[in-house]
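# Architecture and fold: a report
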Amino acid sequence: MTGLDPEAKQQRTFNCSMATTTGLESLVDQIISVITNDGRNIVGVLKGFDQATNIILDESHERVFSTKEGVQQHVLGLYIIRGDNIGVIGELDEELDASLDFSKLRAHPLKPVVH
Amino acid sequence: MLFFLYFKDLVGQEVTVELKNDLAIRGTLHSVDQYLNIKLENTRVVDQDKYPHMLSVRNCFIRGSVVRYVQLPPDGVDVDLLHDAARREARGG
């Protein structure tokens with residue numbers, strides 16, 4: 001808990017400039033799975049991003065889950081997704097993904113985000 | 001600033017992040033930033049049968065604006081120190 005000590009206050013002023021930046025740099029050119037605020041799941045290759053978490057997604061497709069039939073994939077192409085509509089950006093493990101049988105998966109669609 | 005520093009000290013711990021769409025993701029806290037965006041490693045969704053949407057995801061970035069709760073290990077918190085720091089922050093120092 002060193003960051004919260006009163007003695008750490010001076011150190012804190014230095015830490016501010018080299019703050020931990022999570023950043024999406026490590027995910028560029030990787031296949032990612034995005035969960036949007038309206039409950040959609042969009043998969044694609046991350047091409048770019050900015051501080052507001054706006055992203056550029058190439059070769060993207062939406063995965064639609066339903067309780068009645070298997071997962072449907074709608075091809076979208078090159079997309080820009082605005083940051084304020086993004087909830088989660090996940091690094092897709094292609095091996096794991098290939099092992100899934102989407103025709104057998106049944107699920108309720110994700111709920112929209114309520115602030 | 002306070003919670004950013006607090007989360008920085010928690011890096012490496014197992015946490016469960018509950019989102020505003022009721023999804024809950026468990027994982028190891030990898031990093032945090034000024035917006036309290038959270039990066040988790042070794043993730044699994046808490047109710048995997050209900051939410052198979054992230055079955056092939058093992059590391060994720062969670063936007064701070066979408067977090068409802070961050071559930072922490074009870075012994076990972078020094079409540080007194082946090083209380084003290086919060087009081088100081090509220091006072092403006």
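Structure: above.
So, here's what we can say about the structure. (Residues numbered from 1 in each chain as written. Chains lettered and ligands numbered in written order. Predicted model: local features only at pLDDT ≥ 70, side-chain atom pairs only at ≥ 80, totals over all residues. Heavy atoms only, no water.)

The subject of this paragraph is the overall build of chain B. A tally of helices and strands in chain B yields two helices and five strands. Moving toward the C terminus, one meets the helices and strands of chain B in the order α-β-β-β-β-β-α. Its C-alpha atoms give chain B principal-axis dimensions of about 45 × 25 × 20 Å. With 93 residues in all, chain B has 48% of them scored as buried. (Helix = DSSP H or I, 4+ residues; strand = E, 2+ residues; numbered from the N terminus. Buried < 20%, exposed > 50% of the residue type's maximum accessible area, 1.4 Å probe, protein only.)

With that out of the way, let us pick up the interface of chain B and chain A. In this complex, chain B contributes 43 residues to the contact, which on the side of chain A involves 49 residues. Both sides together, the interface formed by chain B and chain A hides about 3900 Å², and carbon and sulfur atoms give 61% of it. If you look at where chain B meets chain A, you find one salt bridge. Of the charged contacts, one joins K111 of chain A and D22 of chain B as a salt bridge, the two residues approaching to 2.4 Å between their closest N and O atoms. For the pair chain B and chain A, the number of links is 15 residue pairs in polar contact (both at pLDDT 80 or more). If you list the elements that add at least two residues to the side of chain B that touches chain A, you get α1 (2-9), β2 (24-32), β3 (38-45), β4 (57-62) and α2 (79-91) of chain B. By residue class, the composition of the side of chain B that touches chain A is 23 nonpolar, nine polar and 11 charged. (Contact = heavy atoms within 4.5 Å. Buried area = accessible area lost by both parts, 1.4 Å probe. Salt bridge = Lys/Arg side-chain N within 4 Å of Asp/Glu carboxyl O. Polar contact = N/O pair within 3.5 Å; in protein donor to acceptor, adjacent residues only side chain to side chain. Nonpolar A, V, L, I, M, F, W, Y, C, P; charged D, E, K, R; others polar.)

Once that is clear, we can look at the pattern of salt bridges. As enumerated under the stated definition, the model contains 13 salt bridges over all chains in all. Across the salt bridge formed by E62 of chain A and R40 of chain A, the nearest N and O atoms sit 3.9 Å from each other. Here R40 of chain A lies in the loop between β1 (31-36) and β2 (41-49) and E62 of chain A lies in strand β3 (residues 55-64), a separation of 22 residues in the sequence. Its relative accessible area of 40% is what places R40 of chain A among the partly exposed residues. Taking the shortest distance from any N to any O, the salt bridge between D84 of chain B and R87 of chain B comes out at 3.3 Å. In this pair, D84 of chain B and R87 of chain B both sit in helix α2, three residues apart, roughly one turn of the helix. The class of D84 of chain B is partly exposed, set by a relative accessible area of 31%. Taken together, the shared-partner salt bridges connect K111 of chain A together with E18, D22 and R68 of chain B into one network.

The next subject is the side chain of S33 of chain A. Within the element layout of this structure, S33 of chain A appears in strand β1. Within the structure, S33 of chain A has its side chain in polar contact with the side chain of N41 of chain A (distance 2.9 Å). For S33 of chain A, the residues in contact, after removing those within four places along its chain, are N41, I42, V43, V88, I89, G90 and L92 of chain A together with H53 and V57 of chain B.

Let us look at the sheet that holds strand β4 (residues 72-81) of chain A. The strand order β4(A)-β3(A)-β2(A)-β1(A)-β5(A)-β4(B)-β3(B)-β2(B)-β1(B)-β5(B) describes an open sheet built from 10 strands, whose pairing is antiparallel. The strands lining the two open edges of the sheet, one partner per strand, are β4 of chain A together with β5 (67-71) of chain B. Each strand axis lies, on average, 35° off the axis of its neighbour in the sheet, ignoring direction. By the bridge criterion, seven bridges tie β2 of chain A to β3 of chain A in an arrangement that is antiparallel. When the sheet's bridge partners are listed, G48 of chain A is paired in β3 of chain A with I56 of chain A. (Pairing = 2+ DSSP bridges. Axes fitted to C-alpha atoms, helices over the stretch in contact; angles between N-to-C directions.)

Geometry only, nothing functional implied.
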